[in-house]
Amino acid sequence: RFDPPADAGAYPFTHRLRVRFCETDAMGVVHHASYLAYLEETRVEYLRALGRPYDRLRAEGVEFPVVEAALQYRRPLRFDDVVDVGVVVGAASAATFQMNYLVACGGQASAPAVTVHGVVDGRGRPVRLPEWLRELSS
């Protein structure tokens, strides 16, 4: 479901980045595909801050492939903008979970977003959601 919180205070972790020139299109705004990279960068940093960097997750025998992504583009981002991307773990099931994001610039929402992740082992087979992740879900 697409229901990321609209309030920046609802996000326990925020990652700051700066828009690079190569991420903009011919109209001078951030290309729509670049937002997915912003979400991924934020997700990786959030997991690292939780003490669960990707190399540790793999060592624990679990991976989180993206199985769905949705964004709503509300305000364009431009070269050299300083962008804050908030993230919070959303709904979870036995072997999937959702992450909600708020991409903002200057305190104004640019794009709310959601990614849905499967939970798989090193061979790509579904496994149960780790307990630490279940505790973070809403």
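The structure we're discussing is the one just above.
Since the model is a prediction, treat every value here as computed from it, not as a measurement.

**Q** Would you mind going over the nonpolar core with me for this structure?
**A** Note on soluble globular proteins: their nonpolar side chains tend to be buried together. Counting residues in hydrophobic clusters, the biggest one holds 27 residues, and the most contacted among them are Phe64, Leu77, Val85, Phe97 and Val103. Listing elements by their share of this core, those giving two or more residues are strand S1 (13-18), helix H1 (34-49), strand S3 (82-92), strand S4 (96-105), strand S5 (108-118) and helix H3 (131-136). The element best represented in this core is H1, accounting for 5 residues. Ignoring anything within four residues of it in the chain, the contact list for Val85 reads Phe13, Thr14, His15, Leu17, Tyr38, Leu39, Thr42, Tyr101, Leu102 and Val103.

**Q** Explain the pairing of S5 to me, please; I cannot follow it from the model alone.
**A** The two faces of a sheet get side chains in turn, since along a regular strand they alternate between them. Within S5, 9 of the 11 residues are buried, which leaves the element mostly enclosed by the surrounding structure. Relative to S5, strand S2 (residues 66-71) is paired through 5 bridges, and the arrangement is antiparallel. Looking across to S5, one finds that Leu71 is bridged to Ala113. With 10 bridges connecting them, S4 and S5 associate as antiparallel partners. If you follow Phe97 over to S5, its bridge partner there is His117. From the end of S4 to the start of S5, which pair antiparallel, there are 2 residues, and Gly106 there has a positive phi angle of about 60 degrees.

**Q** What is the right way to look at the sheet that holds S1 in this model?
**A** Note on sheets: strands pair through backbone hydrogen bonds, and any given pair is parallel or antiparallel. Here we have 5 strands laid out as an open sheet, ordered S1-S3-S4-S5-S2, and antiparallel in their pairing. The sheet is open, and its two edges are formed by S1 and S2, each paired on a single side. Strand-to-strand twist of the sheet, defined as the mean angle between neighbouring strand axes without regard to direction, takes the value 25 degrees. Pairing of S3 with S4 involves 8 bridges; the strand directions are antiparallel. Residue pairing across strands places Ala92 opposite Phe97, the latter belonging to S4. In this fold H1 packs onto S1, S2, S3, S4 and S5, with an angle of close to 135 degrees to the strand it touches most, S1.

Analysis parameters
Residues numbered from 1 in each chain as written. Predicted model: local features only at pLDDT ≥ 70, side-chain atom pairs only at ≥ 80, totals over all residues. Heavy atoms only, no water. Core = buried A, V, L, I, M, F, W, Y, C linked by side-chain atoms within 4.5 Å. Buried < 20%, exposed > 50% of the residue type's maximum accessible area, 1.4 Å probe, protein only. Helix = DSSP H or I, 4+ residues; strand = E, 2+ residues; numbered from the N terminus. Contact = heavy atoms within 4.5 Å. Pairing = 2+ DSSP bridges. Axes fitted to C-alpha atoms, helices over the stretch in contact; angles between N-to-C directions.

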